[in-house]
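Chains, contacts and geometry: an overview
Below, each chain spelled out in residue letters.
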Amino acid sequence: GAALLTRAAAFLADACERARVLGAAARLATLAGRLEQATSLVERGLALDPPDRVRGALLVTSGRIAWMSRPPVEATALLLDGAALLELEDRAEAVSALADAFHATLASGSVATSIVERILGLADRSEPTERVLADLVSGVSCVQLGRPDEGERVLRRLLAEPDTAGPTSRLQDAGVIA
């Protein structure tokens with residue numbers, strides 16, 4: 001997958017499209033556990049100076065790679081930079097990147113209330129995944145900030161909803177919630 005997309009990108013004349021395809025290849029390489037290759041592909045895409053939407057997606061991919069291989073603070077910075085570029089272009093991906101940044105801050109031993117506030121302000125609660133991510137981040141932050149009853153109430157409500165299995169399972173697998 002990643003190798004095929006990388007070869008295809010070489011034939012694209014448009015630098016923006018080439019950067020977008022390199023980003024897709026980087027995501028596939030990441031899923032395959034080839035983090036060095038994925039990092040190289042992201043760097044090649046960023047070197048093409050793509051527009052904000054593509055640059056934001058590349059930075060988010062870089063942050064997710066960093067989350068697996070570098071200190072959480074580095075992953076957080078990349079995810080926040082990418083989310084900032086995506087907020088107007090791709091709100092759902094920005095919310096997802098902010099949720100990942102929040103998770104990375106937890107791994108570094110802190111709760112960044114500014115990230116929680118950004119998610120709560122950005123998430124479209126009529127979109128199920130965005131609502132779930134916002135509520136999960138809100139619930140976990142309440143627990144971490146000394147309001148366990150409030151946080152537990154939010155998290156238990158989410159766990160009781162069958163349509164939340166995707167994001168909930170992701171955070172359970174990552175150890176953010178039990």
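Reading the values: rules and limits
- Residues numbered from 1 in each chain as written.
- Predicted model: local features only at pLDDT ≥ 70, side-chain atom pairs only at ≥ 80, totals over all residues.
- Heavy atoms only, no water.
- Helix = DSSP H or I, 4+ residues; strand = E, 2+ residues; numbered from the N terminus.
- Rg over C-alpha atoms; globule rule 2.2 N^0.38 Å.
- Buried < 20%, exposed > 50% of the residue type's maximum accessible area, 1.4 Å probe, protein only.
- Contact = heavy atoms within 4.5 Å.
- Areas by Shrake-Rupley, 256 points an atom, 1.4 Å probe, with all protein chains shown as cover.
- Lys, Arg positive; Asp, Glu negative; His and termini not counted.
- Charge placed at Lys NZ, Arg CZ, Asp CG, Glu CD.

This next bit is on the overall build of the protein. The helix and strand inventory of the protein stands at 10 helices and zero strands. Over its C-alpha trace the protein gives a radius of gyration of 17 Å, about what one expects of a compact globule, namely 16 Å for 178 residues. Of all 178 residues assigned to the protein, the portion counted as buried reaches 43%. Intrachain contacts of the protein at a sequence separation of at least 6 include 49% that bridge at least 24 residues. If you sum the accessible surface of the protein, you get close to 8,900 Å²; carbon and sulfur atoms cover 55% of it. Separation between the mean location of the 19 positive side-chain charges and that of the 24 negative ones in the protein comes to 4 Å.

A few words now on the environment of Gly56. Tracing the sequence through the fold places Gly56 in helix 4 (residues 52–69). Gly56 sits 44 residues away from Asp100 along the chain, and the two C-alpha atoms are 14 Å apart. When near neighbours in sequence (up to four residues on either side) are disregarded, Gly56 contacts Gly82, Leu85 and Leu86.

Looking now at the environment of Ala15. The residue Ala15 is located in helix 2 (residues 15–31) in this model. With 36 residues separating them in the primary sequence, Ala15 and Pro51 have C-alpha atoms 9.7 Å apart.

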